[in-house]
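Structure assessment
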Amino acid sequence: QAYRLLELERFARWLQVPIHLHPRFFPVQGDDAARRIIAVDQHDGADAAMALAGAVLSACWAEELNISDEATLAGLLARCGLPAQRIEDGHSQAAQLRYEADTQRAVDAGVFGAPSYVVDGEIFWGQDRLDFLERRLRA
């Protein structure tokens, strides 16, 4: 754990990204945020969903906001220029079914942590493996 925190600090400096190694709201239930990201993907597309995902991560790790709080999520949607309706859309059966299906796909693929990337059944786990992922994608 101590080494993981050291690595996070190194990567944050290298990438010039602000990070709190011990954010106030962590560990945190990310299910509601995930369902909002899914709702955005379903209604606004993948680029908008990726923008919200980035905002959620920044909110947790850089801003120390509670990403399980609906008011926080509503603020992040607004920050990304997305409709407030996505809060309700995240409660929909369609979002829940997609969340469950995505979760099962991750389990079936052997994903055990984040960030994880799976390419043709091969898992790449951790920010320190992105160079291997990049080479695999180029191959």
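These numbers were taken from a predicted model, which means no experiment stands behind them. (Residues numbered from 1 in each chain as written. Predicted model: local features only at pLDDT ≥ 70, side-chain atom pairs only at ≥ 80, totals over all residues. Heavy atoms only, no water.)

1. Details of the packing of aromatic side chains
All told, the structure shown has two aromatic pairs when counted by the stated rule. Between Phe26 and Trp61, the ring centres sit 4.6 Å apart and the planes meet at 50°, which makes this aromatic pair tilted. Here Phe26 is found in the loop between α1 (2–15) and α2 (31–44), whereas its partner Trp61 is found in helix α3 (residues 46–61), with 35 residues between them in sequence. On the basis of relative accessible area, Phe26 is assigned to the partly exposed category, the value being 42%. Each ring, one from Phe112 and one from Trp125, has its centre 5.2 Å from the other, and the planes form 45°; the classification is tilted. Taken together, the positions of Phe112 in the loop between α6 (93–109) and β1 (116–119) and Trp125 in strand β2 (residues 122–125) put the pair 13 residues apart, joining distant regions of the chain. What makes Trp125 partly exposed here is its relative accessible area of 40%. The side chain of Arg35 reaches across the aromatic face of Tyr99, ending 5.1 Å from its centre. Above the ring of Phe132, the side-chain terminus of Arg135 is found at 4.6 Å from the ring centroid. (Phe/Tyr/Trp six-rings, centres within 6.5 Å; stacked < 30°, edge-to-face > 60°. Helix = DSSP H or I, 4+ residues; strand = E, 2+ residues; numbered from the N terminus. Buried < 20%, exposed > 50% of the residue type's maximum accessible area, 1.4 Å probe, protein only. Lys NZ or Arg CZ within 6 Å of the ring centre and 35° of its normal.)

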